[in-house]
Amino acid sequence: MTEALCFALDGVLVHRTRSDTELLRDVFAAHDIDPTDDLLATARRTFRNAFEAIEPDPYRQSMAAVVSAADAEADPEGVVATLREETYAATTVPEAARESLAGLADDSTLAVVTNGPREWQVGKLAHHDLRDRFDAVVASYDAGAHTPDTAPFDRLRERLPADEYMMVGDGDDVEGARAAGFVPIEYSTEGADLWATIDALL
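Residues numbered from 1 in each chain as written. Predicted model: local features only at pLDDT ≥ 70, side-chain atom pairs only at ≥ 80, totals over all residues. Heavy atoms only, no water.

Considering the packing of helix α1 (residues 20–30) against helix α2 (residues 37–52)
Okay, step 1: Between α1 and α2, the shortest axis-to-axis distance is 11 Å and the interhelical angle comes to 110°. With respect to α2, the axis of α1 lies roughly perpendicular. Contact residues: α1 offers Asp 20, Thr 21, Leu 24, Arg 25 and Phe 28, while α2 offers Asp 37, Leu 39, Leu 40, Ala 43 and Arg 44.
Okay, step 2: Per-class residue counts for the contact of α1 with α2 are 5 nonpolar, 1 polar and 4 charged. (Axes fitted to C-alpha atoms, helices over the stretch in contact; angles between N-to-C directions. Helix = DSSP H or I, 4+ residues; strand = E, 2+ residues; numbered from the N terminus. Parallel < 35°, antiparallel > 145°, perpendicular 65-115°, else oblique. Contact = heavy atoms within 4.5 Å. Nonpolar A, V, L, I, M, F, W, Y, C, P; charged D, E, K, R; others polar.)

Right, dumping it as structure tokens:
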């Protein structure tokens with residue numbers, strides 16, 4: 001029987017080391033934009049609305065709204081580039097996860113199911129030299145819906161045939177996986193070592 005072991009990206013494989021507020025303030029300042037609370041709210045609101053509606057380029061929409069609201073001379077594309085760079089730099093991969101993936105990739109079919117635009121999410125994997133560990137990556141933008149909708153999981157089935165699918169995640173990831181018929185594995189930083197448990201199971 002073939003099995004596919006799937007992982008959520010943000011908060012499971014890749015962990016944030018800085019808050020959104022810290023990141024945005026530094027990004028704005030780098031482009032001579034005063035990082036006021038109003039502009040931070042504009043950035044978050046614009047991004048959230050575009051993201052939830054699966055509209056193209058939510059990051060660009062967000063930064064363009066900030067540039068316009070601030071009446072700044074900055075190029076939105078340049079601000080997005082800085083945001084991407086700062087966002088990737090403010091992420092880390094737990095060493096236990098990296099070691100586990102290195103072993104699992106030799107004998108298991110691995111995949112990522114993640115909410116977000118494909119290019120942005122795959123870029124995080126590439127930044128941490130993890131892209132080649134996975135046989136498939138499905139972003140919610142590929143499927144036209146975010147988890148807990150089952151569409152991303154259905155899309156993964158199309159791309160990666162297997163007899164059984166397991167999904168390591170939390171919150172919406174687990175809810176959507178269960179609804180899609182995947183075996184859900186709840187991710188937690190507390191309690192038993194998840195990565196050691198996965199190694200033992202597989």
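Here we look at unusual backbone geometry
Okay, step 1: Here the amide bond leading from Thr 147 into Pro 148 is cis, since omega sits at 20°, within 30 degrees of zero.
Okay, step 2: Even without a glycine there, the phi angle at Ile 54 is positive, about 55°.
Okay, step 3: Among the secondary structure elements, Ile 54 is positioned in the loop between α2 and α3 (58–70).

Considerations on the pattern of salt bridges
Okay, step 1: All chains considered together, the criterion is met by 11 salt bridges.
Okay, step 2: Arg 18 is the salt-bridge partner of Asp 26, the closest N and O atoms lying 2.4 Å from each other.
Okay, step 3: Under the relative-accessibility criterion, Arg 18 is labelled partly exposed at 25%.
Okay, step 4: The residue Asp 37 makes a salt bridge to Arg 25 at a minimum N-O spacing of 3.1 Å. Placement of the pair is Asp 37 in helix α2 and Arg 25 in helix α1, with a sequence separation of 12 residues.
Okay, step 5: Residue classification places Arg 25 among the partly exposed positions, given a relative accessible area of 31%. (Salt bridge = Lys/Arg side-chain N within 4 Å of Asp/Glu carboxyl O. Buried < 20%, exposed > 50% of the residue type's maximum accessible area, 1.4 Å probe, protein only.)

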